[in-house]
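# Observations on the three-dimensional arrangement
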2 protein chains.
Amino acid sequence: MNYCNQCSGKLTLLTPNGDHRQRYVCLDCGNIHYTNPKVVTGCLVEHNNKILLCKRNIEPRKGLWTLPAGFMEDHETSAEGAARETYEETLADVSIDELFAFYDIPHISQIYMIYRAHLKTEHYGPTAESSEVVLMTESEIPWSEIAFPVIEKTLKHFYASKKTGKLKTHFGIIDRRNEVK
Amino acid sequence: MNYCNQCSGKLTLLTPNGDHRQRYVCLDCGNIHYTNPKVVTGCLVEHNNKILLCKRNIEPRKGLWTLPAGFMEDHETSAEGAARETYEETLADVSIDELFAFYDIPHISQIYMIYRAHLKTEHYGPTAESSEVVLMTESEIPWSEIAFPVIEKTLKHFYASKKTGKLKTHFGIIDRRNEVK
C-alpha cells in the first residue's frame, strides 16, 4: 500500500494515537487504511457417498485438487458465498446443509468456512477455474495432491467424523505464524 | 475508493473479464481493488451468573450497552481477537471457552463471532472506549439500551439456551438487505 485511495496522498506507516498497531495513514487527508482478515467459504458436497473435488486450473496450486471455495463477497452470507463459489468452480447447483468446518489460519490472515451441501441436480463439470470436477469415494481421493492443508484437514476430519457418526461443526486452527516470521 | 493504492492512478468501476461483479480497477497499473466482509469478534464473559457489559464511549451508538467486540486484526485468530477486544474495552483478562454465536450480517458485510469466556482475575473497569463496565444479572440488563441488534439477539439466545441447558454454538443471520437497498 503506497497511496491513499481517497485523496492519492502518500501513505505513511505509523501507530495512530490510541491504537496498538501500525497502520497505513494518509497525512494529507487523515484517512487510516485498515487491513483485516478475509473469509474463504466453500462446500463439501456429498452425493451417493462421494465428495465433489475439483482440480485447480488457476494459480496458486494449479493442477492440485481442492474443495470448491473462494473469498466471501460483500453483501452475501457465508453460506450463499459457499454455494456461489461451488457453482463458479464446478457448475454444481447445491443446497447448503450446515457448517462443517471452521478454521482460523492466522499466518495468512484468513478464516475458512466449509459447509456440508448436496447436489440439487446431478449436473456438474469443468469450468475456467477447474480443469476437472469429479465425485470421488474416500479411496479415490489423491491425498498427496491436495492443494491446501486446510482442505486436507477438512476431508480427513470428515471421514473420521463419519466413522464415529458425529458430523457436528469442527473448529480448528492452522497456525504457522512462528514458521513464516 | 477513488485512487489506486499501488500507483495512485484514478480508479474505474467495471466488471473485469471473467468476473461477476463490479470492482474498482486501476486502468494505469491493472490492479483490481477487492473489498470483502469484515469479521467482528468479541466475548460473552460470565462471572458468578453475571455477564460483563460495557457502555459505549465512542460512536456509533455512544451511550448504549454492548458486549466487548471489535474488528478482527490480521495475523490473529478469532478467539485471540475476542480476548484482545475484551481487554481493550473492559480491562478484563479473559480465558476463551468456546464459540457461542456466529451471525452473518450481509447488509453491512460483516460476520459476528461471540465467544463464551470467563475472567482470569476479578479486575475490569472503564476504558477510553467504554464509559462504564459492569457485571449484570439477566434482570439488570437494560434491554431497551442495547447498542446493536446482533448483541441483543446473542444475549437473548444465551439466556434462552441457559434455561434449556444447551449452550451449543448458535448460527444466525441478520438480513436487512431488502430494507437498505
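The notes below deal with the structure included here.

Calculation notes
- Once a new chain begins, its residue numbering starts again from 1 and follows that chain's sequence as written.
- Labels are handed out in written order, letters beginning with A for the chains and numbers beginning with 1 for the ligands.
- Only residues with pLDDT of 70 or above have their local features reported here, since the model is predicted, and side-chain atom pairs are shown and tallied only from 80 upward, although totals for entire chains, interfaces and linings are computed over all residues.
- The basis for the side-chain values is all heavy atoms of the structure; hydrogens and waters are excluded.
- Here a strand pair is declared whenever DSSP counts at least two bridges between the two strands.
- What counts as a helix is a DSSP run of H or I of at least four residues, what counts as a strand is a run of E of at least two, and both are numbered from the N terminus.
- By convention a nonpolar core is built from buried Ala, Val, Leu, Ile, Met, Phe, Trp, Tyr and Cys residues, the set being connected through side-chain atoms within 4.5 Å.
- Each residue gets one of three labels from its accessible area relative to the maximum for its type: buried under 20%, exposed over 50%, partly exposed in between, using a 1.4 Å probe on protein chains only.
- In this description, contact between two residues means that some pair of their heavy atoms is separated by no more than 4.5 Å.
- The atoms used to superpose the copies are C-alpha atoms, taken from residues with pLDDT of at least 70 in both, and the fit is least squares.
- Paired rings are identified among Phe, Tyr and Trp, the last through its six-membered ring, by centres lying within 6.5 Å, and are further divided according to the angle between planes into stacked (under 30 degrees), edge-to-face (over 60) and tilted (the rest).
- When two parts are put together, the accessible area they lose, computed with a 1.4 Å probe and summed over both, is reported as buried area.
- One speaks of a salt bridge when a side-chain nitrogen belonging to Lys or Arg is within 4 Å of a carboxyl oxygen belonging to Asp or Glu.
- Any residue that is not Ala, Val, Leu, Ile, Met, Phe, Trp, Tyr, Cys, Pro, Asp, Glu, Lys or Arg is counted as polar, Gly included; the first ten are nonpolar and the last four charged.

Glancing now at the sheet that holds strand β3 (residues 32–33) of chain B. All names here are of chain B. Spatial ordering of the open sheet is given by β1-β2-β3, a layout of 3 strands whose pairing is antiparallel. Edge positions in the sheet fall to β1 (11–14) and β3, since each of these pairs with one other strand and no more. Pairing between β1 and strand β2 (residues 23–26): 4 bridges, direction antiparallel. When the bridges of β2 are listed, T12 appears paired with V25.

Our next topic: the nonpolar core. Residues I111 and M113 of chain A together with I111 and M113 of chain B are the most contacted members of the largest nonpolar core, which totals 38 residues. The contacts of I111 of chain B, once residues within four sequence positions are left out, are V39, M72, S78 and M113 of chain A together with K38, V39, V40, F102, Y103 and D104 of chain B.

Our next topic: unusual backbone geometry. All names here are of chain A. Between E59 and P60 the backbone carries a cis peptide bond, its omega angle lying at 0 degrees. Here P60 lies in the loop between β5 (50–56) and β6 (65–66). A positive phi is found at H75, a non-glycine position, where the angle reads about 65 degrees. Within the element layout of this structure, H75 appears in the loop between β7 (69–71) and α1 (78–90). The exposure class assigned to H75 is partly exposed, which follows from its relative accessible area of 46%.

Let us now look at the relation of the copies chain B and chain A. Two chain copies here: they are related by a rotation about an axis and a translation along the same axis. For these two chains of identical sequence, chain B goes onto chain A by a turn of 180 degrees and a shift of 0.0 Å along the axis, with RMSD 0.0 Å. Such values leave the two copies arranged in the relation of a two-fold axis. When you check the interface residues of chain B against chain A, 100% turn up at the interface there too, and the contact is symmetric in its surfaces.

So, on to the packing of aromatic side chains. All names here are of chain A. Within the structure shown, the criterion is met by 8 aromatic pairs over all chains. Centre to centre, the rings of F100 and F158 are 5.7 Å apart; their planes meet at 85 degrees, and the pair counts as edge-to-face. A residue pair is termed long-range when its members are at least 10 positions apart, and F100 in strand β8 (residues 94–105) and F158 in helix α2 (residues 149–164) qualify at 58 residues. Of the two residues, F100 and F158, both sit in the buried class.

Moving on: the sheet that holds strand β1 (residues 11–14) of chain A. Spatially, the 3 strands line up as an open sheet ordered β1-β2-β3 (chain A), and their pairing is antiparallel. Every other strand in the sheet has two partners, leaving β1 and β3 (32–33) of chain A as the edge strands with one partner each.

For the rest of this paragraph, the subject is the interface of chain B and chain A. Facing the 40 residues of chain B at the interface are 40 residues of chain A. Summed over both partners, the interface of chain B with chain A buries about 3600 Å², with 47% contributed by carbon and sulfur atoms. Looking only at chain B, the three residues that lose the most surface to chain A are N5, E73 and D74 of chain B, adding up to 16% of its buried area. One can count 4 salt bridges joining chain B with chain A. The leading source of residues in the side of chain B that touches chain A is helix α1 (residues 78–90) of chain B, at 4 residues. Partitioning the side of chain B that touches chain A into residue classes produces 16 nonpolar, 13 polar and 11 charged.

Note on placement: L99 of chain A falls in strand β8. When the C-alpha positions of L99 of chain A and K156 of chain A are compared, they lie 16 Å apart, and in sequence the two are 57 residues distant. When near neighbours in sequence (up to four residues on either side) are disregarded, L99 of chain A contacts M113, I114, Y115 and T169 of chain A together with F171 of chain B.

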